[in-house]
Amino acid sequence: MGIRDVEQCEVNEVHPDKVSEVKLRMPEEDELYDLAELFKVFGDSTRIRILFALFEEEICVCDLAETLGMTQSAVSHQLKILKQAKLVSGRREGKQVIYFLADEHVRTIIGTGLEHIEE
């Protein structure tokens, strides 16, 4: 898709009220950067697979690895990234660590994303 494939205005007419309103509501640059970094974490299909598994069930690393056909080491590496992004959390149960989605926001993002692609 080239630039000519995107529709553009036929006249250059700026609407100052709309521009002003958008600028007023625009988050600070550092917040936008953090948001972009968060979405980068979602940009990896392995991490999405892990998030989807956790969307369905709280699960330990052993079960995640088996479910996804990956090594525990590979799963742990991705879980570390997801934990740093505050998307997943874990709790120790005996000798196992059970992972789960960090909060309802993560569940909403995944659920909404699935709805969007299934339209």
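Refer to the structure printed above.
Now for a description of the structure that goes with this document. (Residues numbered from 1 in each chain as written. Predicted model: local features only at pLDDT ≥ 70, side-chain atom pairs only at ≥ 80, totals over all residues. Heavy atoms only, no water.)

## Side note on the pattern of salt bridges
And then number 1: Under the definition given, this model contains four salt bridges.
And then number 2: For the salt bridge of Glu21 with Arg25, the shortest nitrogen-to-oxygen distance reads 2.5 Å. Of this pair, Glu21 and Arg25 both sit in helix H1 (residues 16–25), four residues apart, which is roughly one turn of the helix. (Salt bridge = Lys/Arg side-chain N within 4 Å of Asp/Glu carboxyl O. Helix = DSSP H or I, 4+ residues; strand = E, 2+ residues; numbered from the N terminus.)

## Digging into the side chain of Arg47
And then number 1: Mapping Arg47 onto the fold places it in helix H3 (residues 45–56).
And then number 2: For the buried Arg47, no salt bridge exists, and the shortest N-O distance to an oppositely charged side chain is 4.2 Å, to Asp44.
And then number 3: A polar contact is formed between the side chain of Arg47 and the backbone oxygen of Val41, at a distance of 3.0 Å.
And then number 4: In this view, Arg47 contacts Lys40, Val41, Gln78, Ile81 and Leu82; residues no more than four positions away in its chain are not counted. (Buried < 20%, exposed > 50% of the residue type's maximum accessible area, 1.4 Å probe, protein only. Lys, Arg positive; Asp, Glu negative; His and termini not counted. Polar contact = N/O pair within 3.5 Å; in protein donor to acceptor, adjacent residues only side chain to side chain. Contact = heavy atoms within 4.5 Å.)

## Description of H3
And then number 1: Here H3 contains twelve residues, and its C-alpha end-to-end distance of 17 Å stays within 8% of the 16 Å for a straight helix at 1.5 Å per residue.
And then number 2: Within H3, burial applies to Arg47, Ile50, Leu51, Ala53, Leu54 and Phe55.
And then number 3: The N-terminus of H3 is capped by Asp44, whose side-chain oxygen sits 3.0 Å from the backbone nitrogen of Thr46. (Expected span 1.5 Å × (residues − 1).)

## Observations concerning the environment of Asp103
And then number 1: Tracing the sequence through the fold places Asp103 in the loop between strand E3 (96–101) and helix H6 (104–117).
And then number 2: On the accessibility criterion, Asp103 (34% relative accessible area) is partly exposed.
And then number 3: Between the C-alpha atoms of Asp103 and Leu87, which are 16 residues apart in sequence, the distance is 7.5 Å.

## A closer look at the layout of surface pockets
And then number 1: If you add up the space inside the largest pocket, you get close to 160 Å³.
And then number 2: Phe42, Ile48, Leu51, Phe52, Ile109, Ile110, Gly113, Leu114 and Ile117 are the residues that line the largest pocket.
And then number 3: Looking at the lining of the largest pocket, the elements that each hand over two or more residues are H3 and H6.
And then number 4: With five residues, the top contributor of residues to the lining of the largest pocket is H6.
And then number 5: Split by residue class, the lining of the largest pocket holds eight nonpolar, one polar and no charged. (1 Å grid on protein atoms, 1.4 Å probe; cavity = no way out; pocket = protein on both sides within 12 Å on 5 of 7 lines; lining within 4 Å. Points joined across faces, edges and corners; volume = space filled by probe spheres on them. Nonpolar A, V, L, I, M, F, W, Y, C, P; charged D, E, K, R; others polar.)

## Considerations on the nonpolar core
And then number 1: Ile50, Leu51, Leu54, Leu64, Val75 and Leu79 are the most contacted members of the largest nonpolar core, which has 22 residues in total.
And then number 2: Ranked by the residues each element gives to this core, the list is headed by H3, at five residues.
And then number 3: Excluding residues within four positions of it along the chain, Val75 makes contact with Ile50, Val61, Leu64, Ala65 and Met70. (Core = buried A, V, L, I, M, F, W, Y, C linked by side-chain atoms within 4.5 Å.)

## Notes on the sheet that holds strand E1 (residues 59–60)
And then number 1: The strand order E1-E3-E2 describes an open sheet built from three strands, whose pairing is antiparallel. With partners counted over all chains shown, the strands left at the sheet margins are E1 and strand E2 (88–93), one partner each.
And then number 2: Bridge count for E2 against E3 is six bridges, and the pairing is antiparallel. Paired with Glu93 across the strands is Gln96, a residue of E3. (Pairing = 2+ DSSP bridges.)

## Some thoughts on the pairing of E3
And then number 1: Bridge analysis of E1 against E3 gives two bridges, and the strand direction is antiparallel. What sits directly across from Cys60, in E3, is Ile98.
And then number 2: The turn linking E2 back onto E3 is made up of two residues, and Gly94 within it adopts a positive phi angle of 65°.

Any link to function would need more than the numbers given here.
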